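Summary of the model geometry
One-letter residues, chain by chain:
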Amino acid sequence: MGRKRGTDVRKASVYAIVINSFQIVLVLVILFLILFGSQTLLGKRSAKVIAALSALIVIWGAAVDIREAFNARRMNNEMDQMDTLMDGMETLNRTLRSQRHDFKNHLQVVYSLIEMKEYDEANAYIEKVYGAITSVSELLKTDSPAINALLQMKTSSCGERGIKLTAEIRSGWKNLPVEGWEACKVLGNLIDNAVDAISTAGTPDPWIRVTLTEDIHGFGFSVANNGPKIPESIMPGIFKAGVTEKGEGHGMGLFIVSSVIAEAGGEIHVTSDEHETVFTGAFPKGNIAV
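Thresholds applied
- Residues numbered from 1 in each chain as written.
- Predicted model: local features only at pLDDT ≥ 70, side-chain atom pairs only at ≥ 80, totals over all residues.
- Heavy atoms only, no water.
- Pairing = 2+ DSSP bridges.
- Helix = DSSP H or I, 4+ residues; strand = E, 2+ residues; numbered from the N terminus.
- Axes fitted to C-alpha atoms, helices over the stretch in contact; angles between N-to-C directions.
- Contact = heavy atoms within 4.5 Å.
- Expected span 1.5 Å × (residues − 1).
- Phe/Tyr/Trp six-rings, centres within 6.5 Å; stacked < 30°, edge-to-face > 60°.
- Buried < 20%, exposed > 50% of the residue type's maximum accessible area, 1.4 Å probe, protein only.
- Lys NZ or Arg CZ within 6 Å of the ring centre and 35° of its normal.
- Parallel < 35°, antiparallel > 145°, perpendicular 65-115°, else oblique.
- Left-handed = near helix turned anticlockwise from the far one by under 90°.
- Nonpolar A, V, L, I, M, F, W, Y, C, P; charged D, E, K, R; others polar.
- Core = buried A, V, L, I, M, F, W, Y, C linked by side-chain atoms within 4.5 Å.
- Right-handed = clockwise from strand over helix to strand, strands pointing away.

1. Observations concerning the sheet that holds strand β4 (residues 267-272)
Pairing is mixed across the open sheet formed by 5 strands, whose spatial order is β1-β2-β3-β5-β4. Taken across any chain shown, the strands that pair with only one partner, and hence form the sheet edges, are β1 (164-169) and β4. Geometrically, the sheet is characterised by an average inter-axis angle of 10° between neighbouring strands, direction not taken into account. Across the face of the sheet, helix α5 (residues 180-201) comes into contact with β1, β2 (207-214), β3 (218-225), β4 and β5 (277-284) while running at roughly 15° to β3.

So, in structure tokens, the structure goes:
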């Protein structure tokens, strides 16, 4: 369901930034030669004025293009996040429809087992079905459909990779000071970061624990995992752009997390040792997102 056009937008924005940056530098060089070079190049004073104005206009246009290119990349990233959430909501919707469709069949099986006096089998069957329903119901406790969908999607994807993801939802996170999809950017990137750390290290019996809380001050969250300890060398700047152990082209996830939280007036911290790594943060109560 993800969009295939995202790569083209990114390439176009990179080309626009590079080309317009080169244009600015070139025009500045020409402007310098006109203003301070040989007078034979100029002819009259009016030529200076016209050339200077032309150069300024070109520079202004190039600067606007670069700004719009950066805006386009930002909007493309946001659209990618929205696509991810839509995929998650579709997955959650299919799961709920499937459970509703199967419920009648489950009742018929249980009824038949009881009629045949296979009580142990009936009990085992009920426990199995109850566990499947509860696993989904536990992820529907927030008041944000986007967050519910994200947690459902991440739980499924982690399960496919052999990682046990549990969600301890102690608050409905109603009236968040940020949009639901912005909160999903935070939780999603933290979960993805944990998955990467666990997968890279090959951690035995891997797990991730997501906790959502609330008090009079704000909406708290934590994402913990039993992956390897974060090296002390990168801890001081871990939320800066490009700081990562995964090589060039990575290291933006935690920067995005800290940017969203900082813009909302919140905070985030990280602790890490040989047993677990925990990212803990909060969105303050204040301006309510519509």
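The discussion continues.
2. Some points on helix α4 (residues 145-160)
Taking 1.5 Å as the rise per residue, α4 with 16 residues should run 22 Å; its terminal C-alpha atoms sit 23 Å apart, in good agreement. The first or second residue beyond α4 is Gly162, which carries a positive phi of 80°.

3. Section: unusual backbone geometry
If a residue is not glycine, its phi is most likely negative; likewise, a peptide bond is most likely trans. Even without glycine at this site, Lys117 takes up a positive phi of about 60°. We note that Asn175 has phi near 60°; this positive angle belongs to a residue other than glycine. By the element assignment, Asn175 lies in the loop between β1 and α5.

4. A short note on the packing of aromatic side chains
Per the stated rule, a full pass over the model turns up 5 aromatic pairs. Measuring from centroid to centroid gives 6.4 Å for Trp173 and Phe219, while their planes differ by 70°, and the two rings are edge-to-face. In this pair, Trp173 is assigned in the loop between β1 and α5 and Phe219 in strand β3, connecting sequence segments 46 residues apart. Centroid distance Trp173 to Phe283: 6.2 Å. Interplanar angle 85°. Geometry classified as edge-to-face. Note that Trp173 is positioned in the loop between β1 and α5 and Phe283 in strand β5, a separation of 110 residues in sequence. The pair formed by Trp173 and Phe283 is uniform in burial state, with each residue classed as buried. The structure contains a cluster of three or more aromatic residues connected by ring pairs, namely Trp173, Phe219, Phe221 and Phe283. When the ring centre of Phe219 is taken as origin, the NZ or CZ atom of Lys285, which lies over that ring, is 5.4 Å away.

5. So, the packing of α4 against α5
At a minimum axis separation of 9 Å, α4 and α5 run at an interaxial angle of 15°. By the angle class used here, α4 and α5 are roughly parallel. The handedness of the crossing between α4 and α5 is right-handed. Contacts between α4 and α5 involve Ala146, Ile147, Leu150, Leu151, Lys154 and Cys158 from the first element and Gly180, Ala183, Cys184, Leu187, Gly188, Ile191, Asp192 and Val195 from the second. Residues that form the contact of α4 with α5 fall into these classes: 10 nonpolar, 2 polar and 2 charged.

6. A look at the side chain of Thr203
Structurally, Thr203 is set in the loop between α5 and β2. Taking relative accessible area as the criterion, Thr203 reaches 14% and is therefore assigned buried. With residues up to four places along the chain from it excluded, the contact list for Thr203 reads Ile198, Asn226, Gly227 and Pro228.

7. A word on the nonpolar core
Counting 40 residues, the largest nonpolar core has Ile147, Trp173, Leu190, Ile208, Phe221 and Phe279 as the members making the most contacts within it. For this core, the secondary-structure elements that each account for two or more residues are α4, β1, α5, β2, β3, α6 (253-263), β4 and β5. Among the elements that line this core, the one with the most residues is α5, at 9 residues. Setting aside anything within four residues of it in sequence, one finds Leu190 in contact with Phe221, Val223, Leu254, Val257, Ile268 and Phe279.

8. What to know about the pairing of β1
The alternating pattern of β1 places Leu165, Ala167 and Ile169 on a buried face, while none of Lys164, Thr166 and Glu168, on the opposite face, is buried. As paired strands, β1 and β2 are joined by 6 bridges and run parallel to one another. Bridge assignment links Ile169 to a residue of β2, and that residue is Leu212. Each parallel crossover has a hand, and for β1 linked through α5 to β2 it is left-handed.

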